[in-house]
Amino acid sequence: MTVTHGRPMTAEITDILVAHCGLDADAAAQAPAASLEELGMDSLALLELSAVVADRWQVSIPEQAGQLSISAVADLVTRRVDPPGHTENGVVIDAPLALVWEVTNDVANWTELFTEYAVVDILHRDGQTVRFRLTMYPDENGVSWSWVSERTADPVSRQVRAYRVETGPFEYMRIHWRYAEEAGGTRMTWTQDFAMKPTAPVDNAAMTERINTNSAIQLAVIKDRVERIARQRADEDVPAGSDESTEAGDE
């Protein structure tokens, strides 16, 4: 996040340099790509900058900061104040890996798998790669969020790599799906790496919390729905006249 209290981090760093380090604001505005050293900031000025940044954001900046531009210093501070988001959530589904893979990679039917998607539009397919538009159900403000994503499945390694093409409030969003057989069924794991744009309504930490909360909900729903399909298919495979029950356990 490059915004602090509604202001870009670049503006915050510039203000510190002007107020505490003797930076000429006009010179900085005329040469935005110039390094701090090129703008006349000596070692004492850089020490003062380091002290103010440490006091304000509890972040240290390297000794080589003099070789960086103001925007580069701002990016460095931003990454340390609000590091990129990273989440990992998984669930064990009591169903064969092949079935879990089949159902969860049937993107066209994700409206039957997830509770949050109202519409899925398949835009393009190329082998194991699919580009699609997701539209969510309206939120509490009546807004239906929509974006385009692309995912590529690898049936051999049982992994999927996906990313948002239309990033919306994200600088980027990448998702890694992994599947593995283990005792009790199939473990499906989602790993998400992302960063929010400066204009986003939440920062990386807040979005990390949101994703973790929602992932737990959706994984539980997917587990229930895939396990139900597994039971239904098992019942269909029972020969006529068998002593085994042909009724689904949850119907």
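Rules used in this analysis
- Residues numbered from 1 in each chain as written.
- Predicted model: local features only at pLDDT ≥ 70, side-chain atom pairs only at ≥ 80, totals over all residues.
- Heavy atoms only, no water.
- UniProt positions renumbered as here; feature names shortened; annotations may be inferred.
- Helix = DSSP H or I, 4+ residues; strand = E, 2+ residues; numbered from the N terminus.
- Pairing = 2+ DSSP bridges.
- Expected span 1.5 Å × (residues − 1).
- Buried < 20%, exposed > 50% of the residue type's maximum accessible area, 1.4 Å probe, protein only.
- Arc of directions from axis to C-beta.
- Polar contact = N/O pair within 3.5 Å; in protein donor to acceptor, adjacent residues only side chain to side chain.
- Phe/Tyr/Trp six-rings, centres within 6.5 Å; stacked < 30°, edge-to-face > 60°.
- Lys NZ or Arg CZ within 6 Å of the ring centre and 35° of its normal.

For the chain, the name recorded in an unreviewed UniProt entry is Cyclase, with Micromonospora arborensis as its organism.

Draft legend 1. Focus on the UniProt feature "domain: Carrier" (unreviewed entry) in the chain. Residues annotated in UniProt with the feature "domain: Carrier" (unreviewed entry) correspond here to residues 7–84. Strand forms 3% of residues 7–84 and helix 59%; the C-alpha atoms that close the span are 19 Å apart.

Draft legend 2. Representation of the pairing of strand β6 (residues 146–154) within the structure. Note: strand β5 (residues 129–136) against β6, seven bridges, orientation antiparallel. Within β6, the residue paired with Thr135 across the bridge is Ser146. In this sheet, strand β7 (residues 159–164) lies alongside β6 in antiparallel orientation, the contact comprising six bridges. Its bridge partner being in β7, Thr152 is matched across the sheet by Arg161. The hairpin turn running from β6 into β7, its antiparallel successor, is four residues long, and Arg158 in that turn takes a positive phi close to 55°.

Draft legend 3. Local environment of helix α3 (residues 43–57). Here α3 spans 21 Å end to end across 15 residues, near enough to the 21 Å set by a 1.5 Å rise per residue. Listing the buried residues of α3 in full gives Ala45, Leu46, Leu49, Val52, Val53 and Trp57. For α3, the arc enclosing every buried residue in end-on projection is 125°, short of the 170-degree limit, so these residues lie on one face. Exposed side chains of α3 directed beyond 90 degrees from the buried face belong to Ser43, Leu44, Leu47 and Asp55. Among the residues of α3, the N-terminal cap falls to Asp42, whose side-chain oxygen and the backbone nitrogen of Leu44 are separated by 3.2 Å. Phi turns positive, to about 55°, at Gln58, one or two residues after α3.

Draft legend 4. Broad picture of the packing of aromatic side chains. For the structure shown, the criterion picks out 11 aromatic pairs. Relative to Tyr117, the ring of Trp110 has its centre 6.2 Å away and its plane inclined at 20°; by these criteria the two rings are stacked. Across the pair, exposure class does not vary: Trp110 and Tyr117 are buried alike. For the cation-ring pair, Arg56 lies above Trp57, with the distance from its terminal atom to the ring centre recorded as 5.5 Å. For Arg151, the ring lying beneath its charged end belongs to Trp177, and the centroid distance is 4.6 Å.

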